[in-house]
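Each chain, letter by letter, is given below.
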Amino acid sequence: MRIGMALNYSGGFAETAAEAADLERAGLDIAFVPEAYSFDAVSQLGYLAAKTSTMELASGILQIYTRTPTLTAMTAAGLDFVSDGRFTLGLGASGPQVVEGFHGVKYDAPLARTREIIEICRKVWRREKVVHEGKKYQIPLPADQGTGLGKPLKLINHPVRENIPIMLAALGPKNVELAAEIADGWQPIFFHPEKAHLAWGEPLAAGRAKRDPSLGDLDVLASPALAICDESEVSGYLEFVKPHLALYIGGMGARGKNFYNELACRYGYEAEAKIIQDLYLDGKKDEATAAVPDELARSISLIGPESYVAERVDAFREAGATTLTVIPMAMDAPGRVALVEKFRNLV
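Conventions adopted
Residues numbered from 1 in each chain as written. Predicted model: local features only at pLDDT ≥ 70, side-chain atom pairs only at ≥ 80, totals over all residues. Heavy atoms only, no water. Helix = DSSP H or I, 4+ residues; strand = E, 2+ residues; numbered from the N terminus. Expected span 1.5 Å × (residues − 1). Buried < 20%, exposed > 50% of the residue type's maximum accessible area, 1.4 Å probe, protein only. Contact = heavy atoms within 4.5 Å. Salt bridge = Lys/Arg side-chain N within 4 Å of Asp/Glu carboxyl O. Patch = residues over 30% accessible without salt bridge, like charges linked within 9 Å, V, L, I, M, F, W, Y side chains within 5 Å. Areas by Shrake-Rupley, 256 points an atom, 1.4 Å probe, with all protein chains shown as cover. Core = buried A, V, L, I, M, F, W, Y, C linked by side-chain atoms within 4.5 Å.

Novice: Just checking my understanding: could you explain helix α5 (residues 110-125) for this structure?
Specialist: Each turn of an α-helix holds 3.6 residues, which means side chains three or four residues apart point in the same direction. For α5, built from 16 residues, the straight-helix expectation of 22 Å at 1.5 Å per residue is met to within 8% by its first-to-last C-alpha distance of 22 Å. Buried within α5 we find R113, T114, E116, I117, I118, I120, C121, R122, K123, V124 and W125. Buried positions along α5 lie against α3 (69-82), β5 (87-92), β6 (132-133), β7 (138-139), β8 (166-169) and α6 (173-182). Count one or two residues on from α5 and you reach R127, which has phi positive near 60°.

Novice: I'm lost on the environment of V131 in this one. Help?
Specialist: Within the secondary structure, V131 sits in the loop between α5 and β6. Not counting residues within four places of it along the chain, the set of residues in contact with V131 comprises K123, I139 and P152.

Novice: Honestly, the pattern of salt bridges in this entry has me stumped. Any pointers?
Specialist: The tally for this structure, following the rule as stated, stands at 23 salt bridges. A salt bridge links K242 to D294; the shortest N-O distance between them is 2.4 Å. Highlighted residues: K242 in helix α8 (residues 234-251) and D294 in helix α12 (residues 294-299), separated in sequence by 52 residues. Accessibility expressed as a relative area gives 5% for K242, which makes it buried. Residue classification places D294 among the partly exposed residues on the basis of a relative accessible area of 45%. Each of R115, E177, E181 and K210 takes part in one network of salt bridges that share partners.

Novice: What is the right way to look at a nonpolar patch on the surface in this model?
Specialist: The grouping of F81, V82 and V160 at the surface amounts to a nonpolar patch, some 290 Å² of accessible area in total. Positionally, F81 belongs in helix α3. By relative accessible area, which is 57% here, F81 ends up exposed.

Novice: Just to check I follow, could you spell out the environment of L221 for this structure?
Specialist: For L221, the location among the structural elements is in strand β10 (residues 219-222). Each C-alpha atom of the pair L221 and A321 lies 6.0 Å from the other, and the pair is 100 residues apart in sequence.

Novice: Is there a simple way to think about the nonpolar core in this case?
Specialist: Note that soluble globular proteins tend to have their nonpolar side chains buried in a common cluster. Ranked by size, the top nonpolar core spans 96 residues in total, and within it W125 and W200 carry the most contacts. Here this core takes seven residues from α8, the largest share from any one element. Setting aside chain neighbours within four positions, we find W200 in contact with L171, V176, W186, P188, I189, F190, F191, L263, R266 and Y267. Counting residues in hydrophobic clusters, the runner-up holds six residues, among them F32, A58, I61 and M167.

See the structure below:
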């Protein structure tokens, strides 16, 4: 089982790069750089490629709307080149708040766009002339939509790999089914080992039934918070997990259109999810956080004594997780590095 981690550069990027090198030595297998509506992830990934040598690097995630499919493919091939074949292209739909609110681009047809983008990326990496006639993308641009001078082209450079891994962040059933069908990896959120099958069992099975065997097994990347501590300290660490759950279950989207709230309901927390959302949307964030069940917060996390964490790792593995993209609960970089090193011995 691989160990991953999302890098946080809020304390300064030079410090993050130095920490990444230390995490690599501690046994981290893959590091993710987020984008959201902050600095772009690509610049940082290129820098990190020069500061590391064995650790895989991934975008976590690039949203699909603001880069053309061919630019996405070129970017991934370039990052794979500068990292000597260590890059994973993490893609996701993001949400209308970011796509329309920050980028001014219409948020539509995420499933169709994702499928077409992946098809185009793989065509580019194989150095085929790019000809694509889809519902969302037409390459070359049809003559009646432009100058008529466009012609099919292929990538000039020879990519390090023509099969750069693609990971999809997906939550809804149709999105998860698509990931299981065409992606190399799938990144869920709030992965609950004992209840994941209730939320995603059917779409995963449906996608895998259509999966090309040449893709290999689907990499499932769960993202638990990590703290190795005495049992008496567990409740204190859970207080850091609950606000994140409250934000997503309660505050992401509107009533009736919140994917994370729906996930909590599929896990069997319908009543709690409604209370959390009502409180959060009424501006009572502290009360919403307090309403998050301890059982939910702890089940999606790795928090407790070493023996307990080892047992939970086995539970994640048995539920199908193949990579644990942990969120180390430590106050500083040395603490995070030490925690990853200690966790490495438990996996």
